[in-house]
Amino acid sequence: MSDVLEKDLRDLGRVRAPDGFADRVLVAAGIVPGGVDAYAALETPVGVLEVAWNAGGVSALRLAQARDEFERWFSGRLGRRVVRVPQPPDRLVGQIGDAMAGRSGRLRFDLARLRPFEQEVLRKTLEIPRGEVRPYAWVAREIGRPRAVRAVGTALGQNPIPLLIPCHRVVRSDGALGEYSMGGTEVKRRMLSREGVDAAWLLELAASGTRYVGSRTTRVFCLPTCRHARRVQAANRVPLRDERQALREGFRPCARCRPALVS
């Protein structure tokens, strides 16, 4: 080996690799180091998303923005490093596609960096079926914190995995849609419309004072978008102002949408 080549190799050994280089090499090889998440851009029917994941599941998702913006946001929100890779694993792409299409799958989420209350709110939100909505108060009562309606709204507004954890399916009790972290009320309206929810109809119901729908035949009352409520024939639909009226008129709460938990 020549003296010049030997010197060059020694000099190369002293060169400092760029920040995150080792992490990117490991992630590219399919190995996600501890304390590091991978992320990539993903084309979807609602636009280009940036999605992060680790061994525990999907950890974050946002609409694609300026390069490196996702990394700054992720670090500030979740307190972890995240490394950009060319594309998500094929299996994850398929699971995300299934989730967005409403097909049941095995998509997992890593919520470990969130506060316990936030985790409770997001896990309860995952239970809301596609094509249905629930009030913020419903979530609060379901997790045993009926007075925490505002805190529920805050937790959903800071949801790091919108769309996949469907905070767009949680609305205000007065029929208004409320805010949406992935682009505001209009985006929320479009998301619900894709799932078959008519936001204008929800507002009309609220304006008329209708919060629940009862069935004359089954004597069950539901939240308006509940699958059972939508099956009730128009002639058998009974508009109800509140839970007290429903119970007073002999209706019992639907076991599926559990409207009796809404104050």
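Model, not experiment: these values are computed from the prediction. (Residues numbered from 1 in each chain as written. Predicted model: local features only at pLDDT ≥ 70, side-chain atom pairs only at ≥ 80, totals over all residues. Heavy atoms only, no water.)

## A closer look at the layout of surface pockets
Within this model, the largest pocket holds a volume of roughly 390 Å³. As for the largest pocket, its lining consists of 19 residues, and the residues nearest its centre are Ala99, Gly102, Arg103, Leu164 and Arg169. The residue inventory of the lining of the largest pocket, partitioned by class, reads ten nonpolar, three polar and six charged. (1 Å grid on protein atoms, 1.4 Å probe; cavity = no way out; pocket = protein on both sides within 12 Å on 5 of 7 lines; lining within 4 Å. Points joined across faces, edges and corners; volume = space filled by probe spheres on them. Nonpolar A, V, L, I, M, F, W, Y, C, P; charged D, E, K, R; others polar.)

## A short note on the packing of aromatic side chains
Scanning the entire structure with this criterion turns up four aromatic pairs. On the basis of an interplanar angle of 20° and a centroid distance of 4.6 Å, the ring pair of Tyr39 and Phe70 is categorised as stacked. Placement of Tyr39 in strand β1 (residues 36-44) and of Phe70 in helix α3 (residues 69-78) is noted, with a sequence separation of 31 residues between them. Judged by relative accessible area, which is 1%, Phe70 ranks as buried. Between Tyr212 and Phe221, the aromatic rings sit 5.4 Å apart at their centres with planes inclined by 70°, giving edge-to-face as the arrangement. Taking the relative accessible area as the measure of exposure, Tyr212 reaches 1% and is therefore buried. A network of ring pairs unites the aromatic residues Tyr39, Phe70, Trp73 and Phe74 as a single cluster. Over the aromatic face of Trp138 sits the side chain of Arg134, whose NZ or CZ is 5.4 Å from the ring centroid. Above the plane of the ring of Phe251 lies Arg219, whose end atom (NZ or CZ) is 4.0 Å from the centre. (Phe/Tyr/Trp six-rings, centres within 6.5 Å; stacked < 30°, edge-to-face > 60°. Helix = DSSP H or I, 4+ residues; strand = E, 2+ residues; numbered from the N terminus. Buried < 20%, exposed > 50% of the residue type's maximum accessible area, 1.4 Å probe, protein only. Lys NZ or Arg CZ within 6 Å of the ring centre and 35° of its normal.)

## Side note on helix α8 (residues 185-194)
Among all positions of α8, only Val187, Lys188, Met191 and Leu192 are buried. The buried residues of α8 all sit within an arc of 135° when viewed along its axis, so they share a single face. Residues of α8 that are buried sit in contact with α6 (136-142) and β6 (170-171). Downstream of α8 by one or two residues, Gly196 has phi in the positive range, about 95°. (Arc of directions from axis to C-beta. Contact = heavy atoms within 4.5 Å.)

## Concerning the side chain of Gln119
With respect to the element layout, Gln119 can be found in helix α5 (residues 116-125). Since its relative accessible area comes to 15%, Gln119 is described here as buried. For Gln119, the residues in contact, after removing those within four places along its chain, are Leu111, Ala112 and Leu114.

## Things to note about empty space enclosed by the protein
On inspection of all chains with the given rule, the structure shows one cavity of 30 Å³ or more. Roughly 210 Å³ of internal volume is contained in the largest cavity. The wall of the largest cavity is formed by 17 residues, among which Pro135, Arg172, Ser173, Arg211 and Pro224 lie closest to the centre. At the level of elements, β5 (134-135) and α9 (199-207) are the ones that each hand at least two residues to the lining of the largest cavity. Here the residues of the lining of the largest cavity are counted per class, giving ten nonpolar, four polar and three charged.

Bear in mind that shape data such as this cannot, by itself, settle questions of function.
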